[in-house]
Structures are given as C-alpha cells and as structure tokens.
Amino acid sequence: MKRLIEYKNKFLFFFVILLVIFPIITVMSYIFQPSTELWVHLSDNLLLEYLSNTFIILISVAILSLIVGVSCAWLVTNFVFPGKDIFKWLLVMPIAIPTYVSAYIYAGLFEPSGMIFDSIENYLGLGKELYEAIELRNIYGVIFILSICLYPYVYLLAYSSFKEQTYCAMEVGKSLGLKGAELFYRVNMPLARPGIIAGISLVMMETLAEFGTMDYYGISTFTTGIYRTWFSFGDETSALHLSSILLTFVFVLIVIEKFSRGKSQYVNTSQKSKKIKEKNLKGVNRIYAFLWCLLFPLAGFIIPVIQLFLWLTETYSYIFESYYLQVIINTVSVATIASIIIVLVSIYSCYINRSSDSIYIRYPLKIFSLGYSIPGVVIAVGIIIPLTMVDNLQAMIFGSPIYYLSGSLFALVLAYLVRFSTLSYNATESGLSKIKKNIDLTVQSFGLSNFTILRKIHMPIMKTTLITSFILVFVDIVKELPATLILRPFNFDTLAINIYELASSEQLSFIASPSLMLIIISLIPVILLIRKTINFSGENEITN
C-alpha cells in the first residue's frame, strides 16, 4: 500500500513537471520544422534587425544597470552623505513600476498633456521646441526606460554583497599597498562578483522578455517580431522559429551566467567580522554623492508617480466606471487562483524532491526552474499550439470542442504556472530546508502519508514562507503583459491589458488609475524586499 502511494505521488509529480516543460519542448521542436515563405522573408530582411536591436538593447541596459546599481550600492554602504538612509530604500522603488508603464508615462511627459511639456511651455514658452527636439520613441528611449526601471536588481544584490564584506578584507588590501579605486576593483568588486553577476543576469532576462516598451516605442526585437508574425501575418511556424531562436539565446545566457560563477567561492576566512568603516564625505563630494543617488529614483519613480497623479486629477471619473471595477475583479481573481495553484505545486514538488533523493527528480526540477527566465511571449506561443491541437482533437471526436482550451482561463493559468513557478519554488525550497528531516522521520513512524505530513506539519510551520511566496507570484502575475495579451479569454481584461489598450489608443492620461493600482500592488513585495535586505541600524563605524 505504501509503495502504491509512493508511485501515485511520483506519477502526479512527473505529470505536473511535464505540463510545465511541454511548452518549452514545443518551442524548441520547431527549430527542425520546414521553413515557410514568410520565414524566408523574415530571415532575409528582418532577422538581422531583430538580432541587432535585441543585442544593442541587451548590452546597453546591462552596462548602464551595472554602473548605476554598483555605484549607488557602493556609496550608500561605504560613505556618509546627506540623505543616505533615505536613498537606501528609495533606490529600490523604481522596481515597483512595470517597465511598460514607465514607457507610456515618459512618452506622455514630453507631449502637450505631460508635466515637463507644461512646465517648459508655461515658464519658458518653449513647449513647441521641446516637443520637436526630444523624441523618446526610439531605441535610445527603450534603453533609457529599461535602465532606470531594472537597475534595482543590480543595486539590491550589490548592496547585500558590499554590506556582508568585512573591514579585515580591506585592511589586507591596504597592507599590500592598494588604495582608492585600485582597492575597490581588486578587493571589493571580486568579493561582490557573484551577487553582481546574478543581478546583471536578472536585468538581461527581463530585457529579453520585455514586450510592452518595445511595442509602444516601435522597436523591432524578438518579442515584438514573434507577436506580429503570429497575430498580424498568421504564420505560427515562423513565430515559433523566432521563439526557438530567442529561447536558445536565453539558454546561452543561463549557461554563461553559471560558467562565469564556476566553482569559485567568495568567503570571509577571518574570524573577525568587523564591519567596514564608513567614510564621512566632505565638501563638494557630499553634493555629488547626493545628486548621483537622487537622479535615478527621481527618474525611475518620483517623476512617473507625480505625472500619474496629475493625470488622475483629469481622469478620476474613470475609477467609478463599471468596466474599471470589472478589470480589477478579473485581475485579482485570476491572479489569486493561479498563485494558489503555483504555491501548492511548488511545495508539493519541493517535498517530493526532499523525500526522494533521486536524479530522476532533481533534473526535471532543474528544467522546471527555468520558467522565469523564458519570455512570456515565448511561453504563450508554446502553450497555444498543443492546446489548439487538443481542441482540434475534440472537434474530430465530438463534432465540436466540449471546452475550448486555447483562449481559456486554463491556458492563462498554465502560462503563469510555467512562467512564475520558479519564484515560488525557490522561496518554498528555502523555507522547507530549514525544517530538519528528523521531523519527517519521527512523523512517518506514526504511519502518516507524505501528503498528510505536508498538510498537517510542514505547511503550518512554513506559513510565513508560503504567504511571502504567494505575494511574490501574485504581483508578478498582475504585472504580466504578453502572455496575458495572447492567451486571455475573449473580453477578459486585466489591469495590464487595460493599461496596454489605453496607451495603444493614445489615451495616456487615462492610464493613471489602473497604473497607480498596479504600482500599489507592486509595492507590497518591494517593501518586503527592503525589510529583508536593507540595513537601517547604522551600526557601522564612521571615520572622517
């Protein structure tokens, strides 16, 4: 009986894993499909443009995020200057605004309804000249938007890395004759390297997955190319060819990131854990540090939020429309259902991996954990193909499909499961690892099944971890645009879709209420992240 239950558990586990990785397999299988006439046209005329634009944006955003994130983290962890304690958390805030929302806001800032245009016109009378001189809807505008929105990934991980470094390491460097910039590049940066590389990897993954900004600013990249090829030209084979190339690109990035870290370990071997002494900046350096750390949260969070509130004063009546209420209900309901399913699948997968130390469990879970690095548009096209096949099979057997899987809530939840399971799985695995295996062995001696142990013992102990996991997944689902846009049921709009459609019809002032609602929801995990990461105790010593 016990062996039968174990087989059932493993069967269910492999079924869930197959469900998650099948879209990835579907996309990769189209590498070997015969080419169509449209694909020949794309490869001859547009593929190089997709590659060059994607590569230029990817490298530029990575470099700018690296410079901004590392420099700001270094300043707030090692120096004392005006506003330092505020900048510690304020530098994280741009991550709460989805990149496509920032893109829409900045497009409107320099138009007649925008705050900057109004200010320049009212005080200087140069509104027309500003409108003609500044054009953000190009590749440089995309790089700017993505950089100010994504640098917090590097900042947070660099901050944690610099904060964990000890004064002893710097003393050793000084004893070798290193000082100033040389000490920073040869001691502090190598010690922070794993965190910084992880941050840059996240920035690059988010850049590859971005759709809304590229689409609105008219930049041809792989994500916009896949969407247009499928929905404008109706060629699923060519769309999947592009998806397979983008997916290969993602896998290469993952391999490079793993290889760059290698087997190196960066540890503090000293038994003295004295924290780094913070240096008190003087004179003009205090002003430079203050302005540098103010610039990026100002551009990435403060200015966009102010503009949204100004638009809200003009369009607040939109809040009271029944359609807006329905959009919020749709968003919360689908995100709640999907988040609960994802958290349950994650804790079940973690426990199976914990209770069965087998390579046949571990390796499928490694593929399972790749989902977050795969762009939403790729996952969407990888799901819609097999579901359409199932619909056609239903039509052959029953005359017409009993339930259309493509374009259904099932397809949408499945996309979220593939895309965001990694977030929940990593959080759950971390929480489950803190529970000693002796507890499992003790409870099993009473004859309880794994499911009962998980439900009655582990889940109550991991209550905080599961709630955190739920919140992280919920917020990312609410912000997801391309997968929702492609797979949603007919006339089923979420906040992200509502913002996208309003911006596409150039009703930028009306995006204020759904965007502010989205930002408020997104602030929840940001606050949790700040509380766990940022140190406000001011325990470090200060030197003049």
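Residues numbered from 1 in each chain as written. Predicted model: local features only at pLDDT ≥ 70, side-chain atom pairs only at ≥ 80, totals over all residues. Heavy atoms only, no water.

S.K.: Describe the overall build of the protein chain, with residues and values.
M.R.: Helix and strand counts for the protein chain stand at 23 helices and three strands. Evaluated residue by residue, the protein chain yields a buried proportion of 53% over its 544 residues. Nonlocal contacts in the protein chain, meaning residues at least 24 apart in sequence, comprise 82% of its contacts between residues at least 6 apart. Put simply, the protein chain shows about 25,900 Å² of open surface, and 65% of that area lies on carbon and sulfur atoms. (Helix = DSSP H or I, 4+ residues; strand = E, 2+ residues; numbered from the N terminus. Buried < 20%, exposed > 50% of the residue type's maximum accessible area, 1.4 Å probe, protein only. Contact = heavy atoms within 4.5 Å. Areas by Shrake-Rupley, 256 points an atom, 1.4 Å probe, with all protein chains shown as cover.)

S.K.: Please give an account of the environment of Ser-65 that cites residues and values.
M.R.: Relative to the helices and strands, Ser-65 is located in helix 2 (residues 37-78). Ser-65 gets classed as buried once you look at its relative accessible area, which sits at 0%. Remark: the alpha-carbon pair of Ser-65 and Ile-200, spanning 135 residues in sequence, is separated by 7.4 Å. In this structure Ser-65 touches Val-70, Ser-147, Leu-150, Tyr-151, Val-154 and Val-203, once residues within four positions along its chain are discounted. At a separation of 2.8 Å, a polar atom in the side chain of Ser-65 contacts the main-chain carbonyl oxygen of Val-61. (Polar contact = N/O pair within 3.5 Å; in protein donor to acceptor, adjacent residues only side chain to side chain.)

S.K.: Can you break down the side chain of Thr-229 residue by residue, with the values?
M.R.: Looking at where Thr-229 falls in the secondary structure, it is placed in helix 11 (residues 222-231). Judged by its relative accessible area of 1%, Thr-229 is buried. Thr-229 has contacts with Leu-38, Leu-42, Gly-234, Asp-235, Ser-238, Ala-239 and Leu-242, leaving out every residue within four places of it along the chain.

S.K.: Which residues make up the pattern of salt bridges, and what values do they have?
M.R.: A complete count under the given rule lists five salt bridges for this structure. Put simply, Glu-506 and Arg-137 hold a salt bridge, and the shortest N to O gap is 3.3 Å. Of this pair, Glu-506 sits in the loop between helix 22 (495-504) and helix 23 (512-533) while Arg-137 sits in the loop between helix 6 (127-133) and helix 7 (139-164), and the two are 369 residues apart along the sequence. On the accessibility criterion, Glu-506 (41% relative accessible area) is partly exposed. A relative accessible area of 25% means that Arg-137 is categorised as partly exposed. Glu-480 serves as the salt-bridge partner of Arg-419, at 3.7 Å between the closest nitrogen and oxygen. Of this pair, Arg-419 sits in helix 17 (residues 409-433) while Glu-480 sits in the loop between helix 20 (463-479) and helix 21 (482-487), and the two are 61 residues apart along the sequence. Taking relative accessible area as the criterion, Arg-419 reaches 7% and is therefore assigned buried. (Salt bridge = Lys/Arg side-chain N within 4 Å of Asp/Glu carboxyl O.)

S.K.: So what's going on with helix 16 (residues 376-398)? Residues and values would help.
M.R.: Here helix 16 contains 23 residues, and its C-alpha end-to-end distance of 32 Å stays within 8% of the 33 Å for a straight helix at 1.5 Å per residue. Directly beyond the C-terminal end of helix 16, a positive phi value near 95° is found at Gly-399. (Expected span 1.5 Å × (residues − 1).)

S.K.: Got a sec to walk through the nonpolar core? Specific residues and values, please.
M.R.: With 152 residues, the main nonpolar core has Tyr-104, Tyr-106, Tyr-155 and Tyr-217 as its most contacted residues. Excluding its chain neighbours within four sequence positions, the residues that come into contact with Tyr-155 are Gly-69, Cys-72, Ala-73, Val-76, Phe-87, Lys-88, Leu-91, Val-92 and Ile-534. In terms of nonpolar packing, the next biggest core, distinct from the first, is built from 18 residues, Ile-347, Tyr-348, Ile-361 and Ile-453 among them. (Core = buried A, V, L, I, M, F, W, Y, C linked by side-chain atoms within 4.5 Å.)

S.K.: Before we move on, could you go through the side chain of Thr-213 and cite the residues and values that matter?
M.R.: Position of Thr-213 among the secondary structure elements: in helix 10 (residues 212-216). Other than its neighbours up to four places away in sequence, Thr-213 contacts Thr-99, Tyr-100, Ala-103, Val-142, Ile-145 and Leu-146.

S.K.: Could you give an account of unusual backbone geometry, with specific residues and numbers?
M.R.: Not every positive phi belongs to a glycine, and Asn-491 is a case in point at roughly 65°. Considering the arrangement of structural elements, one finds Asn-491 in the loop between helix 21 and helix 22. On the accessibility criterion, Asn-491 (63% relative accessible area) is exposed. In the Ramachandran plot, Glu-506 falls in the positive-phi region, its phi being about 60° despite a non-glycine side chain.

S.K.: A description of the packing of aromatic side chains should follow, citing residues and the corresponding values.
M.R.: By the definition in use, this model includes 18 aromatic pairs. Measuring from ring centre to ring centre gives 5.5 Å for Tyr-318 and Tyr-324, while their planes differ by 50°; the resulting arrangement is tilted. Taken individually, Tyr-318 and Tyr-324 each receive the classification buried, so the pair is uniform in this respect. Among the aromatic residues, ring-to-ring pairing joins Tyr-100, Tyr-104, Tyr-216 and Tyr-217 into one connected group. (Phe/Tyr/Trp six-rings, centres within 6.5 Å; stacked < 30°, edge-to-face > 60°.)

S.K.: Mind laying out the packing of helix 4 (residues 99-109) against helix 22, listing which residues take part and the relevant values?
M.R.: Two measures define how a pair of helices packs: the angle their axes make with one another and the distance between the axes. Taken N-terminus to C-terminus, the directions of helix 4 and helix 22 make an angle of 25°; their axes are 11 Å apart at the nearest point. As the angle between them shows, helix 4 and helix 22 are arranged roughly parallel. Note on packing geometry: the crossing formed by helix 4 with helix 22 is left-handed. Residues Tyr-100, Val-101 and Tyr-104 of helix 4 touch helix 22, and the partners they reach there are Ala-496, Ile-499, Tyr-500 and Ala-503. (Axes fitted to C-alpha atoms, helices over the stretch in contact; angles between N-to-C directions. Parallel < 35°, antiparallel > 145°, perpendicular 65-115°, else oblique. Left-handed = near helix turned anticlockwise from the far one by under 90°.)

S.K.: Could you give an account of a nonpolar patch on the surface, with specific residues and numbers?
M.R.: Residues Phe-55, Ile-56, Ile-59, Ile-63, Leu-64, Ile-67, Trp-292 and Leu-295 make up a contiguous nonpolar surface patch of roughly 680 Å² in combined accessible area. Taken together, the elements giving at least two residues each to the nonpolar patch come down to helix 2 and helix 13 (284-315). As for its position among the elements, Ile-59 is in helix 2. (Patch = residues over 30% accessible without salt bridge, like charges linked within 9 Å, V, L, I, M, F, W, Y side chains within 5 Å.)

S.K.: Provide a residue-level description of the environment of Cys-72, including the pertinent values.
M.R.: Position of Cys-72 relative to the elements: it lies in helix 2. Judged by relative accessible area, which is 0%, Cys-72 ranks as buried. Taking the C-alpha atoms as reference, Cys-72 lies 7.7 Å from Trp-292; in sequence the two are 220 residues apart. Setting aside residues no more than four positions away along its own chain, Cys-72 makes contact with Leu-91, Tyr-155, Trp-292, Cys-293 and Phe-296.

S.K.: Hey, could you go over the packing of helix 2 against helix 11 for me, with residue numbers and the actual values?
M.R.: Put simply, helix 2 and helix 11 touch, their axes get as near as 9 Å, and they point 155° apart. Here helix 2 is positioned roughly antiparallel relative to helix 11, judged by the angle of their axes. Of the residues in helix 11, those in contact with Leu-38, Leu-42, Leu-47, Tyr-50, Leu-51 and Thr-54 of helix 2 are Phe-222, Gly-225 and Thr-229. Here the residues of the contact of helix 2 with helix 11 are counted per class, giving six nonpolar, three polar and no charged. (Nonpolar A, V, L, I, M, F, W, Y, C, P; charged D, E, K, R; others polar.)

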